[in-house]
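Now for the letters of each chain:
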Amino acid sequence: MAEENAVFVRGACKSYGEKRNAVVVLKELNMTVPRGAIYGLLGASGCGKTTLLSAIVGIRSLDSGQLRVLGGSPGNKDSGVPGHRVGYMPQDIALMDSLTIGQTMKYFSWIYGMSTKDFDNQLEYFLELLQLPDGDTSIAKLSGGQQRRVSLMAALFHDPELLILDEPTVGVDPVLRQRVWTYLVQETRRSGKTVIITTHYIQEAGQADILGLMRGGRLMDENSPETLLKTYNTGSLETVFLVLSMNQEMAAIERGEQERPTHALKRVNACDSAAYNSESNEERKPPRNKEFVSKGQDWEIKRKRRAKVGRWKAMFLKSGLRFFRSPESLAFNFIFPLVQISIFFLAIGDDPKQLPFTIINHENPNLAENCTNYGPMTCDDPYIGCRYAQQLSKSKYFQVKFVDDEKEALESVRRGYSWGVLVIPENFTESVHRRRLEGLDVDDSIVDIGFMNVYLDMSNSQIGTTVKKQLLQEYLTFSGDLMDACEMNRKVVQTPIKFGEPIYGEEDSTFQEFSAPSSIVITVFFLAVGMTATVMVTERYEGLWDRTLVAGITPGELLLGHIMMQTVMVFLQTTESLMIALLIFGFPCRGSIFLAFLLTWVQGIAGMCCGFFVSVSSRTISECNYFSTGCFYPVVLMGGSLWPLQGSPKIFQQLCYLMPTTTANIALRHIMIRGWGIQKSTVIIGFASTFAWIAVFLVICFSVLRLKR
C-alpha cells in the first residue's frame, strides 16, 4: 500500500531539544497522500505542519516512524527526493534579493538539469500565469506578494512529480489565488502530479481532493471535503475543524494527558477514535489516481548529465552575484586590504622621532642655547658639553628643550611633557680633556665628575629604548668628531666591537621589517574569516539553504561551491595585499615572490575554512560575529605578530606554535627577509601547518553538516 501512494506516513514522531525539556512536534502521526491528488493540510501555526513537510522532502529526519515518498525513503540514492522529483515552496520567501527573476529560475533550472529550450518555455509561461514582471526585474524590487509568486514559480518551474507548497497563497490577490488553484487542479488531472498544500484559507482548501486536519502534532482526520462535511453534518469546514479540535481535547483529558478545564467540555459528534486514527484511509481511493507520465529514459540520462555541470554553475552564479552585487561586500573585501596594509606601513615600524627631551647644562647654562654661534670644534674646545647638546638638538629623534632648574626638568618628565632629562655636569669638559690627555693615569675623581646623568620615562619601553640607543649613538659620533679635531684615530673612542654586514636584513632595520610579513598574513587570514563566517547562517536565515537541499544539492556540495568561489576572492585579496606592500610601500622581498604569494594565499584559504567552520557551527549571525571576533586577539598575540615568541615562557611557546598563523608568519618572514626557499625546514613547516589547519577545518565542517542533517 505504501508504494501505491505518493506519501505514506505511519507513527511519525519528532521532537526538538534535550529529553527532559524536549518539545514534541509530531506525535504518532499517520498520513496517506494518494498519487495524482491535491492534499490540503490544514492546521494552526505551530501544529507541526512545516516539520512534517520538511521530513517529507528529506531535509529533516523523524525520530521514529515510517515514511515513504514516491515509493522510496527520502535521502536514499536515486530516490529523487530530495532532488528533481519534488518541488518545494517553504513558508518563507527563500530567495536571493541580489538575483533577478530570470537568474533565480536559471539557478534552479541548472540544478535540475533543464535544457535551455525548456527553461525559455517555462519562464515565459509562468511569468504570464503568475502575472509577474519581466524576467530581468530584481527580486529586491518586487512587492511581498510578487516575491511570494516567484517563490511559487521556483517550485513549479521544473515540472516535478510531487509538489510541496507551504502557504503558497498568503497575501496573494484572490483572483490570482484561484488561478493558481485552477493550474494545480489541471496539472494533477493532466499528468498525475501530486500536490500537498497548506493554507490558512480553510474554504479555499475545499478545492483539494483530500483534506488532512492537523492539531497538536497529530492528524485528527483526513478525507475528501465532501465526506468530512457529510460526516460531521455541517456545511462549513471551519465547523468540522472546531468539532475535531474539541473532540481531540476531550480525548486527551480522558487519557489523562491533560487537566480537565473548569468549563464544560463534551464531544460534539459521535466521531470517537476515528478522529485520531487514519488507518482506515488505506482503503480509501483518491478521485484521480493516475500514474505520473514518464519522460523517457533518454530524457532522464540527458537531464542527469546537464545537472552534473549545472549544479556547480548554479552555485557559482549564486555566490558570485551575491558578492558582486553587494556594494558593501565589494567595499569591505577590496578596500579593507588597502586600508589595513596602508595603515600598518604608515603607523608601525619606524623608530619614534621628534621626542620631547630636556637638557640641563650645568657647565655653562648661559651658553646652552647659543652653542650654534661657535665655529667648528677644536681639540681644546672649552664647551664640550655644549657641543654635545648641540649635536642632540640637531638629531631627528629629539625635540630638545634647555632648562636651568633640575627639579623643573624632572617634573616635566613626571607630568609626561618630556621623555627624559640629560644633566651635563659642571666639570664635564675638564673631565673629557683630562681623560684624553692622561689616558690610563687619569684620577678616578676626574672620571667621576665627567659622567652625564640621564633620567628616562621607561613606561613605554620602545620609546625608552630608542632614546637610550640614540643618546649613545650621538655620543659615539660626537666623540669621533672630537678625535678628528685632535688629529687622533676616531676608532679609539669606539666600542671594541665591529659589526659586519648583516647576514639577513639591513643594518638599520626597524620593527617594521619583523612585523610586516605577519601583518600581511593576519590581514588576509582574518579578512577571509570575516568574508565567510556568516555565509551559511545567512543562507539558512534566508531559507535558501533548505530550498537548495530539497533541490538535490547536498550540504557538502553547498560548502564546496562556496569554497571554490571564495578561493578566487582570497586569490584577488592576496594579490592586492602583496602589491600594496611591495609596490606602494617598497617592502623588500629577498626570496621568491611566487613562494611568498603562495604561502599568503593558502593562509587566506585557511582563514576561509575557519570562517566556514564558524558559520556551520553557529546558529545565528551574532554567534558568528562573537566567535570570529573572539579568536582574533589570541591568534594575533600568539602568532608572533606583535612580539617574538622567544619572549614568552617555554611551555606557552609550544602552545603558540599550534595556532593557525604562527608557523606561516615565521615562514613568510624567512622568505621575504632572509630570502629562503622551499628547501628550508621553517618554510616547509609553514606550508605543512597551513595545509593541516585547512584539512582540520574542512573535516570539522563536513562532520558538523553531516550531524545536522
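Residues numbered from 1 in each chain as written. Predicted model: local features only at pLDDT ≥ 70, side-chain atom pairs only at ≥ 80, totals over all residues. Heavy atoms only, no water.

Trainee: Before we move on, could you go through the overall build of the chain and cite the residues and values that matter?
Mentor: When you go through the chain residue by residue, the secondary structure sums to 24 helices and 13 strands. Computed over C-alpha atoms, the radius of gyration of the chain comes to 40 Å, more than 25% over the 27 Å expected from 2.2 N^0.38 for 709 residues, which places it beyond the range of a compact globule. Overall size of the chain, expressed as C-alpha extent along the three principal axes, is 130 × 65 × 45 Å. Classification of the 709 residues of the chain by burial places 53% in the buried group. Sequence separation of 24 or more characterises 75% of the internal contacts of the chain that already satisfy a separation of 6 or more. Surface exposure of the chain reaches about 34000 Å², of which carbon and sulfur atoms provide 56%. For the chain, the separation between the mean place of its 71 positive charges and that of its 72 negative charges on side chains is 11 Å. (Helix = DSSP H or I, 4+ residues; strand = E, 2+ residues; numbered from the N terminus. Rg over C-alpha atoms; globule rule 2.2 N^0.38 Å. Buried < 20%, exposed > 50% of the residue type's maximum accessible area, 1.4 Å probe, protein only. Contact = heavy atoms within 4.5 Å. Areas by Shrake-Rupley, 256 points an atom, 1.4 Å probe, with all protein chains shown as cover. Lys, Arg positive; Asp, Glu negative; His and termini not counted. Charge placed at Lys NZ, Arg CZ, Asp CG, Glu CD.)

Trainee: Run through the state of the cysteines, naming residues and quoting values.
Mentor: In the structure shown here, the tally under the stated rule is one disulfide. A disulfide bridge connects Cys379 with Cys486, and the sulfur atoms are separated by 2.0 Å. The chirality of the disulfide connecting Cys379 with Cys486 is right-handed, given an S-S dihedral of about 105 degrees. Note that Cys379 is positioned in the loop between strand S10 (355-361) and helix H10 (384-394) and Cys486 in the loop between helix H14 (461-485) and helix H15 (511-532), a separation of 107 residues in sequence. Across the pair, Cys486 and Cys379 agree in class, each one buried. Just so you know, Cys656 is unpaired, no disulfide at all, and the nearest cysteine sulfur is the one on Cys631, 15 Å from it. Overall, Cys656 belongs to the buried group, its relative accessible area being 0%. (Disulfide = S-S within 2.5 Å.)

Trainee: Which residues make up the packing of helix H16 (residues 535-542) against helix H19 (residues 593-617), and what values go with them?
Mentor: Interaxial distance between H16 and H19 falls to 6 Å at its minimum, and their mutual angle equals 35 degrees. For the pair H16 and H19, the contacting residues are Val535, Met536, Val537 and Arg540 in the first and Phe612, Ser615 and Val616 in the second. Taken together, the residues of the contact of H16 with H19 sort by class into five nonpolar, one polar and one charged. (Axes fitted to C-alpha atoms, helices over the stretch in contact; angles between N-to-C directions. Nonpolar A, V, L, I, M, F, W, Y, C, P; charged D, E, K, R; others polar.)

Trainee: Which residues make up the pattern of salt bridges, and what are the values?
Mentor: By the definition in use, this model includes 22 salt bridges. A salt bridge links Glu187 to Lys193; the shortest N-O distance between them is 3.8 Å. Glu557 serves as the salt-bridge partner of Arg311, at 3.0 Å between the closest nitrogen and oxygen. Here Glu557 lies in helix H18 (residues 555-584) and Arg311 lies in helix H8 (residues 297-324), a separation of 246 residues in the sequence. For the pair formed by Arg311 and Glu557, the shared burial category is buried. (Salt bridge = Lys/Arg side-chain N within 4 Å of Asp/Glu carboxyl O.)

Trainee: Lay out the sheet that holds strand S3 (residues 38-42) in plain terms, naming residues and giving numbers.
Mentor: If you trace the six strands from one edge of the open sheet to the other, you get S5-S6-S7-S3-S8-S9, paired in mixed fashion. Both edges of this open sheet fall to strand S5 (86-89) and strand S9 (218-223), since each of them pairs with a single strand only. Neighbour-to-neighbour, the strand axes of this sheet turn through a mean angle of 15 degrees, independent of strand direction. Relative to strand S7 (residues 194-198), strand S6 (residues 162-166) runs parallel, the two sharing five bridges. What sits directly across from Leu165, in S7, is Ile197. Together, S5 and S6 form the strand contacts of helix H4 (residues 144-156), whose direction differs from that of S5 by roughly 170 degrees. (Pairing = 2+ DSSP bridges.)

Trainee: Go over the packing of aromatic side chains, please, and point to the residues and values.
Mentor: For any two aromatic rings, the description comes down to two numbers: the centre-to-centre distance and the angle of the planes. For the coordinates displayed, the defined rule picks out 25 aromatic pairs. Consider the rings of Phe571 and Trp601, whose centres lie 5.4 Å apart with planes at 80 degrees: the pair is edge-to-face. Within this pair, whereas Phe571 is found in helix H18, its partner Trp601 is found in helix H19, the two being separated by 30 residues in sequence. The exposure class assigned to Phe571 is partly exposed, which follows from its relative accessible area of 37%. Here the aromatic cluster, defined as three or more aromatic residues joined through ring pairs, consists of Phe119, Tyr125, Phe126, Phe157 and Tyr183. The ring of Trp676 has Lys680 sitting right over it, with the charged end atom 5.1 Å from the ring centre. (Phe/Tyr/Trp six-rings, centres within 6.5 Å; stacked < 30°, edge-to-face > 60°. Lys NZ or Arg CZ within 6 Å of the ring centre and 35° of its normal.)

Trainee: I'd love a proper account of helix H12 (residues 428-438), names of residues and values included.
Mentor: Along H12, the positions that sit buried rather than exposed are Phe428, Thr429, Ser431, Val432, His433 and Arg436. Looking one or two residues beyond H12, the residue adopting positive phi is Gly439, at roughly 60 degrees.

Trainee: Account for the sheet that holds strand S4 (residues 64-69), with residues named and values stated.
Mentor: Taken in spatial order, the three strands line up as S2-S1-S4 in an open sheet, and their pairing is antiparallel. The sheet terminates laterally at strand S2 (23-34) and S4, the two strands that pair on one side only. Between one strand axis and the next, the sheet turns by 15 degrees as a mean value, whatever way the strands run. Here strand S1 (residues 5-16) runs beside S2; their pairing, made up of eight bridges, is antiparallel. Bridged to Lys14 within S2 is Leu26.

Trainee: Help me get a handle on a nonpolar patch on the surface, residues and values and all.
Mentor: Where nonpolar side chains cluster on the molecular surface, the patch consists of Ile335, Leu338, Val339, Ile343, Met579, Leu583 and Ile584 and spans about 660 Å² of accessible area. Residue assignment for the nonpolar patch shows that the elements contributing at least two residues are helix H9 (327-347) and H18. Top contributing element to the nonpolar patch by residue count: H9, with four residues. Its location among the elements puts Ile584 in helix H18. The exposure class assigned to Ile584 is exposed, which follows from its relative accessible area of 56%. (Patch = residues over 30% accessible without salt bridge, like charges linked within 9 Å, V, L, I, M, F, W, Y side chains within 5 Å.)

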